[in-house]
Amino acid sequence: MVNFGSPVSTAGGWVWKKASAFLKPLQRLVWLSIAEKGRGCQSCSPDFAAFPAAQAALYFEPLGAMETYYLTAIAARCLDYTHITSDRASTDGEGYPTLAAHPGGAPGNFLAALCRYGASAAFLGKVGDDAFGRLLVDTLARAGIETRGIRVDPTVFTTLAFVTLVDGERSFSFARKPGADTLLRFDELELSLIDQSRAFHFGALSLTDEPARSATRQAVAYARAQGKLVTFDPNYRPPLWRSEAQARAETLWGLEQADVVKLSDEELSFLWVGLWL
């Protein structure tokens, strides 16, 4: 059973905490950044929203002698094509949605938010050796994220996500059969990035397919063995799972591993509400 304390409501969903040390400055910033997903300070809690980016570094505890990064994430990274929703350009002349390309993936947004606040962060993942993959790596680097843990694979294509609006709600489709992120192996991981980090982050979308699932599980075990703070974001996307049972099992495993977890209302309902009826 997952033994979390009381939930904290945020604009981004709900955050559960384990461990009495949760209120340390780094850990508070970790959950604030998960909740806001890189959207700026509008969804931060009031005690943090007033901090200018230039002052945010003061909110972090100093890194130890062996630490270079506040957080390293292992993650799916994709290029999002999102529906432009302005009246002028939402559809073309035939009624098809107009899509704009944006670097995507919740963990990457999380790392970018941390860097924006003056932290240091690193990324573990895989992209294809194509224009989209190169764009994603360049975007992470320009955000200040360490990218030497990203593997570029010439044999597979970078994952693409397509986000459209259906009756005002987001609808997700993915070109990921397979996508480069699902083919990351444990032997490809730059474990020194975890060694040099204070915290380690992962999301459930790294658990959908092999070999990335095993690589993620081993990386989590490695981080825990090194005494790292572990954070987790389920980021439930039904089209990427073979079944609801698989998604629930892998997500519950993730909850068991983490010290800090961000959950949306949708994810709460998916995981537990149906089991209580």
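Heads up: the structure comes first, above all this text.
Residues numbered from 1 in each chain as written. Predicted model: local features only at pLDDT ≥ 70, side-chain atom pairs only at ≥ 80, totals over all residues. Heavy atoms only, no water.

This brings us to helix α4 (residues 106-116). Of all 11 residues in α4, eight are buried, a share of seventy percent or more. Buried residues of α4: Ala 106, Pro 107, Gly 108, Phe 110, Leu 111, Ala 113, Leu 114 and Cys 115, and no others. Gly 118 occupies a position one or two residues after α4 and carries a positive phi of about 100°. (Buried < 20%, exposed > 50% of the residue type's maximum accessible area, 1.4 Å probe, protein only. Helix = DSSP H or I, 4+ residues; strand = E, 2+ residues; numbered from the N terminus.)

The next point concerns the pairing of strand β12 (residues 260-263). Look at any regular strand and the pattern is simple: side chains alternate between the two faces of the sheet. The alternating pattern of β12 places Val 260 and Lys 262 and Val 261 and Leu 263 on opposite faces, both of which are buried. Where strand β11 (residues 229-233) lies against β12, two bridges are found, and the strand directions are parallel. Each bridged residue has a counterpart across the sheet, and for Thr 231 the counterpart in β12 is Val 260. Taking the sense of rotation as the criterion, the β-α-β connection linking β11, helix α8 (residues 244-257) and β12 turns out right-handed. (Pairing = 2+ DSSP bridges. Right-handed = clockwise from strand over helix to strand, strands pointing away.)

Grouped together as the largest cluster of nonpolar side chains are 33 residues, with contacts concentrated most on Ile 74, Leu 124, Phe 200, Phe 202, Phe 232 and Trp 241. Residue contacts for Ile 74: discarding those within four places in its chain leaves Leu 124, Leu 184, Leu 189, Phe 200, His 201, Phe 202, Gly 203, Ser 206, Ala 215, Thr 216 and Ala 219. Counting 19 residues, the second largest nonpolar core, distinct from the first, contains Ala 73, Cys 115, Val 127 and Ile 145. (Core = buried A, V, L, I, M, F, W, Y, C linked by side-chain atoms within 4.5 Å. Contact = heavy atoms within 4.5 Å.)

Two elements in contact, helix α7 (residues 212-225) and α8, have axes separated by 11 Å at closest approach and are oriented at 15°. Our classification of the angle between α7 and α8 gives roughly parallel. When you trace α7 past α8, the crossing you get is left-handed. For the pair α7 and α8, contact is made by Arg 213, Arg 217, Val 220 and Arg 224 and by Gln 246, Glu 250, Trp 253, Glu 256 and Gln 257, respectively. For the contact of α7 with α8, the residue count by class is two nonpolar, two polar and five charged. (Axes fitted to C-alpha atoms, helices over the stretch in contact; angles between N-to-C directions. Parallel < 35°, antiparallel > 145°, perpendicular 65-115°, else oblique. Left-handed = near helix turned anticlockwise from the far one by under 90°. Nonpolar A, V, L, I, M, F, W, Y, C, P; charged D, E, K, R; others polar.)

Our focus in this paragraph is the packing of aromatic side chains. Under the criterion given, the structure shown has four aromatic pairs. A centroid spacing of 6.0 Å and a plane angle of 65° characterise the contact between Phe 202 and Trp 253, whose relative ring orientation is edge-to-face. A residue pair is termed long-range when its members are at least 10 positions apart, and Phe 202 in strand β10 (residues 197-203) and Trp 253 in helix α8 qualify at 51 residues. Using a relative accessible area of 0% as the deciding quantity, one classes Phe 202 as buried. Counting every residue linked through ring pairs, the aromatic cluster contains Phe 202, Phe 232 and Trp 253. Sitting over the face of the ring of Trp 253, Arg 217 holds its NZ or CZ atom 4.2 Å from the ring centroid. The ring of Phe 270 is capped by Arg 248, whose NZ or CZ atom sits 4.6 Å from the centre of that ring. (Phe/Tyr/Trp six-rings, centres within 6.5 Å; stacked < 30°, edge-to-face > 60°. Lys NZ or Arg CZ within 6 Å of the ring centre and 35° of its normal.)

In terms of burial, strand β3 (residues 69-74) is a largely internal element, six of the six residues being buried. The sheet contact formed by β3 and β10 spans five bridges and is parallel. Within the sheet, the bridge partner assigned to Tyr 69 lies in β10 and is Ser 197. As judged from the four bridges shared by β3 and strand β6 (residues 121-128), these two strands associate in the parallel manner. Within the sheet, the bridge partner assigned to Thr 72 lies in β6 and is Ala 122.

Honestly, it's all geometry; don't read function into it.
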